[in-house]
Amino acid sequence: MEQTLNVNVQGVSGETSTLLIGQANKPKEPAKLVVIGDFSAVGNFLKIKREQANDLQEIKPENAIVICDYDNLTIKLLTNPNDVDGTEITGKAEYSNELKEFGINQGKFFRREELIKILRYNRRFFPNKEENAKLLTSYQNFTASVKKDISDNSDQRGNIGRTFNKQIKTDIAESFVIEIPIFKGEPAVSFPVEICLEDNDSGVRFWFESVELAELLEQKRFDLFERELKHCHGLAVIYK
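To start, this report covers the structure provided alongside it. Nothing here was measured: the structure is a model prediction, and the numbers come from that model. (Residues numbered from 1 in each chain as written. Predicted model: local features only at pLDDT ≥ 70, side-chain atom pairs only at ≥ 80, totals over all residues. Heavy atoms only, no water.)

**Observations concerning unusual backbone geometry**
Even without being glycine, Leu73 reaches a positive phi, approximately 55°. Relative to the assigned elements, Leu73 resides in the loop between strand E2 (65-69) and strand E3 (74-78). Residue class for Leu73 comes out buried when judged on its relative accessible area of 6%. Of note, the phi angle at Asn105 is positive, near 60°, even though the residue is not glycine. A residue is classified by how much of its surface remains accessible, and Asn105, at 33% relative accessible area, is partly exposed. (Helix = DSSP H or I, 4+ residues; strand = E, 2+ residues; numbered from the N terminus. Buried < 20%, exposed > 50% of the residue type's maximum accessible area, 1.4 Å probe, protein only.)

What follows is the structure, given as structure tokens:
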């Protein structure tokens, strides 16, 4: 649909008049910055801001809040919780892929063939390569004998007591030392691992356990938060 615009300009002779037709630029809405990274994200963000002293994104200590969630392994920086457009930076620690593959203390079970594959293709994580070779050989030549004793007893009241004893005799190694990172992006640590096994109707199954890893997890979790909180001095810290 055509529109007609009639303009009548009157002015002093020799003057120039300019008529602008169009839509004025709308003011740009501020964009909220939300970042989720590895566990060092908050510390790195604060470190850079303090070094640059950028007035455009100044962090005011009286407004900022740091939230630490030890159970979920997260640390979050809210530069201004009262501002809907305030910057949010979240750092999250995740267990390493190497730790997940071994499934140590996680009740992850393996058949003999799966166990051999893990030991073979993760040789690089064994500080003692000779130990790895011996483990492979012992499980490739694995033999086991299972002894089961079942005794049923009943009393005059009809109660039944059953005892079930099972013993597995093997000729295989029962432990090894491994060196892997516990959390993604963090340095590798060395700790001993036990190889557990049991027999069931489908055959012998294996899994890994490590008391030392359980202790390391608690210590490393504490160390991660302590390291990042050093960058948060002067800010309010809340623990969940």
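**So, the side chain of Asn122**
Take Asn122: it is sitting in the loop between helix H3 (112-121) and helix H4 (129-140). Of the residues examined, Asn122 reaches a relative accessible area of 2% and is grouped as buried. A polar atom in the side chain of Asn122 sits 3.4 Å from the side chain of Glu101. In this structure, Asn122 is in contact with Glu101 and Phe102, ignoring residues within four places of it in sequence. (Polar contact = N/O pair within 3.5 Å; in protein donor to acceptor, adjacent residues only side chain to side chain. Contact = heavy atoms within 4.5 Å.)

**Quick notes on the sheet that holds strand E9 (residues 203-209)**
Within the open sheet, the three strands sit side by side as E7-E8-E9. Their pairing is antiparallel. With partners counted over all chains shown, the strands left at the sheet margins are strand E7 (175-181) and E9, one partner each. Between one strand axis and the next, the sheet turns through 35° on average, direction left out of account. Note that E7 and strand E8 (residues 188-200) share seven bridges and pair antiparallel. Counterpart to Val177 in the pairing with E8 is Pro192. (Pairing = 2+ DSSP bridges. Axes fitted to C-alpha atoms, helices over the stretch in contact; angles between N-to-C directions.)

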